[in-house]
Amino acid sequence: MSWQYTTPWWRRRREALLRERPLCQRCQRRAAQVAHHEPPLDRDTQTDRAAFRAASTDERLLALCRPCHESAHHRGPGPRPSEWDASINRTITQSERRTER
């Protein structure tokens with residue numbers, strides 16, 4: 001994890017996001033616990049203070065529960081994100097894509 005995620009600024013930003021969006025934006029079932037950048041940040045953005053703050057806008061952040069956050073990083077069980085849909089500000093999963101057809 002980047003040192004940026006340990007700063008007081010990020011903690012305040014995360015807390016504000018989770019207050020505004022208390023329900024996971026992906027599964028819509030569990031309480032949101034994690035602020036997730038979508039699309040994910042590259043290493044240069046994570047290490048540059050100004051770039052990190054510029055990339056931490058409401059449009060780029062999702063409020064996710066822990067299982068959905070793990071899934072977003074391909075570390076846990078559950079659906080894998082297939083593409084970002086800016087019109088609804090969240091990732092569309094493969095199962096959601098199948099039901100749209």
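Here, every reference points to the structure presented above.
Residues numbered from 1 in each chain as written. Predicted model: local features only at pLDDT ≥ 70, side-chain atom pairs only at ≥ 80, totals over all residues. Heavy atoms only, no water.

1. Some points on the pattern of salt bridges
A complete count under the given rule lists one salt bridge for this structure. Two residues, R13 and D58, come together in a salt bridge whose shortest N-O distance is 2.6 Å. In this pair, R13 sits in helix α1 (residues 8-20) while D58 sits in the loop between α3 (49-54) and β2 (61-64), placing the two residues 45 residues apart along the sequence. With relative accessibility at 32%, the residue D58 sits in the partly exposed group. (Salt bridge = Lys/Arg side-chain N within 4 Å of Asp/Glu carboxyl O. Helix = DSSP H or I, 4+ residues; strand = E, 2+ residues; numbered from the N terminus. Buried < 20%, exposed > 50% of the residue type's maximum accessible area, 1.4 Å probe, protein only.)

2. Overview of the pairing of strand β1 (residues 34-37)
Residues V34 and H36 of β1 are buried on one face, and the alternating residues A35 and H37, pointing to the opposite face, are buried as well. Across four bridges, β1 lies against β2 in antiparallel orientation. Considered in β2, the bridge of A35 is made with A63. (Pairing = 2+ DSSP bridges.)

3. Structural notes on the state of the cysteines
Put plainly, a disulfide is one covalent bond tying together the sulfur atoms of two cysteines. Counted according to the given criterion, the structure contains zero disulfides. Left without a disulfide partner, C24 is nearest to the cysteine sulfur of C65, which lies 3.7 Å away. Unpaired in this structure, C68 has its nearest cysteine sulfur neighbour in C65, at a distance of 3.6 Å. (Disulfide = S-S within 2.5 Å.)

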